[in-house]
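This is what each chain is made of:
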Amino acid sequence: MNVQPSASEPAAAAAVAVPEAVPALDTAGPKDPGPGPGRGTALVPIVLVVAGGLSVQFGSAVAALLMPKAGALGVVTLRLAAAALILLVVCRPKLRGHSRADWGTVVAFGVAMGGMNTLFYQALDRIPLGIAVTLEVLGPLALSVIASRRLINVVWAGLALVGVVLLGGGGFDRLDPVGAAYALGAGAMWAAYIVFSARTGRRFPQADGLALAMVVAAVLSLPLGIWESGAKLTVPSTLALGAAVAVLSSVLPYTLELMALRRLPASTFAVMMSLEPAIAATAGFLILDQALSTTDALAIALVIGASMGAVRSQTGARQTGARQTGARKKKG
C-alpha cells in the first residue's frame, strides 16, 4: 500500500459527493491530469473506483449477515480491529517525529471513523442497506451545501430532501425512526471524516495516518463490541467473517481508491462515488433479498442526482474561476 502523500486522503476525503469540502481543505490534492495516453489507460482508475464501491457495499451486506451472530457493535469491532492489524502490517507507520497537533488530528480522524462505522452498522441492523447509504450520503451533501455560497447547490439540497421524504413515505412511517436517525448520524460523522481525513493526509506520509486512525477507531470500538457480544467475537467462523468484512469494506476499497486518486481528478471521483446508494441497493437485493419499491428507487435516484449535480456545479464554478483568473493575469 505504497501511496503518494497527496493520495493518502482516503476515498471519502476525495469528496464522496462533497465537491466543496475537499478543494477548500486540500489545496495540494489531486489535480486534473492532462490528456491520457489512451482510452484503455484512462479507464483503469474508473474501474478501480467502481471496484472499490462494489467492495464496500458488498462488504456491508456481508456485515449484515454477520450481525445475528456478533451484533452490530461486535461487527464494527471485528471490522475495525482486523483492518487496523492489516494496515499496521502493510503500512508500518512511523510513530516518532510527529507533533502534538499531528496526533490530535489523527485521533480526531479515528474518532470520526469509529463513529461513522458504529452509527452506520446500527442503522444497517434496522433499515435496508440501500436506504441506509442514501440517508448517510446526506451528511457529505449537507457539508457541500454549507461550504458553498452558490444558490444552485440549495436546489440540489432540496432535490435530496424530496428523495428523503419519499424514502420515509411522507413521514418515515415505513422506516424504523431509530435506524433512520442512526443513518443520518453516520452521515454527519462521514462529513467529519472527510474534514479530518484531508488534514491527516497533509500531516502524515503515505497511508500512515490512515493506519494510525484505524487503530484509534478500533480501540474505541473494542469496549462496545465486548459489552454487546463478549465471547461470540472469538468464534472462529465469526472471526473469519469479520476479517472478510474488514478486507471488503476497508482495506481493499481504500487501496483501490487511493490508487485511482493518483490518476483521476477528484471531481470525477466524487461524481462516481455519488453512485454508492445504487450500488448499496443492488448489494442489498442480491445478498440480503432487500427488494426496493418503485418509490424507494425513485428516492435513491433523486439523492444520487442531487449529489452528482452538486459535484458538477462546483466543478464548473472552479473551472470558470480558473479561466477568469487566467484572463486577468494575461491582461495584467
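Residues numbered from 1 in each chain as written. Predicted model: local features only at pLDDT ≥ 70, side-chain atom pairs only at ≥ 80, totals over all residues. Heavy atoms only, no water.

(A) The pattern of salt bridges, seen in detail. The tally for this structure, following the rule as stated, stands at one salt bridge. With its nearest N and O atoms 2.6 Å apart, the salt bridge here joins aspartate 102 to arginine 203. Residue aspartate 102 is located in helix 3 (residues 100–124), and its partner arginine 203 is located in helix 6 (residues 177–203); the two are separated by 101 residues in the primary sequence. According to the relative accessible area criterion, arginine 203 is partly exposed, its value standing at 37%. (Salt bridge = Lys/Arg side-chain N within 4 Å of Asp/Glu carboxyl O. Helix = DSSP H or I, 4+ residues; strand = E, 2+ residues; numbered from the N terminus. Buried < 20%, exposed > 50% of the residue type's maximum accessible area, 1.4 Å probe, protein only.)

(B) Helix 6, seen in detail. Taking 1.5 Å per residue, 27 residues should reach 39 Å; helix 6 reaches 39 Å between its end C-alpha atoms and fits that length. If you check the start of helix 6, you find a side-chain oxygen 2.8 Å away from the backbone N of valine 178, and it comes from aspartate 176. (Expected span 1.5 Å × (residues − 1). Polar contact = N/O pair within 3.5 Å; in protein donor to acceptor, adjacent residues only side chain to side chain.)

(C) Broad picture of the nonpolar core. If you look at the biggest cluster of nonpolar residues, it comprises 62 residues, and the most contacted ones within it are Met113, Phe120, Tyr121, Ile127, Leu129, Tyr193 and Met214. Those elements giving two or more residues to this core turn out to be helix 2 (39–91), helix 3, helix 4 (129–147), helix 6, helix 7 (208–229), helix 8 (236–261), helix 10 (276–288) and helix 11 (294–331). The greatest single-element share of this core, amounting to 17 residues, is contributed by helix 2. Once residues within four sequence positions are removed from consideration, isoleucine 127 is found in contact with Ala132, Leu135, Leu175, Asp176, Gly179, Ala180 and Ala183. (Core = buried A, V, L, I, M, F, W, Y, C linked by side-chain atoms within 4.5 Å. Contact = heavy atoms within 4.5 Å.)

(D) Layout of the packing of helix 3 against helix 7. Contact geometry for helix 3 and helix 7: axes closest at 7 Å, N-to-C directions at 55°. Taken together, the axes of helix 3 and helix 7 are oblique relative to one another. Crossing handedness for the pair helix 3 and helix 7: right-handed. Residues Trp103, Val106, Val107, Phe109, Gly110, Val111, Met113 and Gly114 of helix 3 lie in contact with helix 7, whose contacting residues are Gly209, Leu210, Leu212, Ala213, Met214, Val216, Ala217 and Leu220. (Axes fitted to C-alpha atoms, helices over the stretch in contact; angles between N-to-C directions. Parallel < 35°, antiparallel > 145°, perpendicular 65-115°, else oblique. Left-handed = near helix turned anticlockwise from the far one by under 90°.)

(E) Spotlight on the packing of helix 3 against helix 6. Two elements in contact, helix 3 and helix 6, have axes whose closest approach is 7 Å; the angle formed by their N-to-C orientations is 155°. In terms of orientation, helix 3 lies roughly antiparallel with respect to helix 6. Remark: the crossing between helix 3 and helix 6 carries left-handed chirality. Considering only residue class, the contact of helix 3 with helix 6 consists of 19 nonpolar, seven polar and three charged. (Nonpolar A, V, L, I, M, F, W, Y, C, P; charged D, E, K, R; others polar.)

(F) Spatial organisation of the side chain of threonine 105. For threonine 105, the position within the fold is in helix 3. In contact with threonine 105, other than residues within four places in its own chain, are Phe196, Arg199, Thr200 and Arg203.

(G) Region of interest: unusual backbone geometry. With phi around 45°, arginine 92 is a residue other than glycine that occupies positive phi space. Mapped onto the fold, arginine 92 is located in the loop between helix 2 and helix 3. By relative accessible area, arginine 92 is classed as exposed at 67%.

(H) Up close: the environment of alanine 240. Along the chain, alanine 240 falls in helix 8. With a relative accessible area of 47%, alanine 240 lands in the partly exposed category. For alanine 240 and alanine 82, which are 158 residues apart along the polypeptide, the C-alpha to C-alpha distance reads 9.9 Å.

(I) Structural view of helix 10. For helix 10, built from 13 residues, the straight-helix expectation of 18 Å at 1.5 Å per residue is met to within 8% by its first-to-last C-alpha distance of 17 Å. Residues Glu276, Pro277, Ile279, Ala280, Ala281, Ala283, Gly284 and Leu288 constitute the buried set of helix 10. Note on helix 10: the residue one or two positions beyond its end, aspartate 289, has a positive phi of about 60°.

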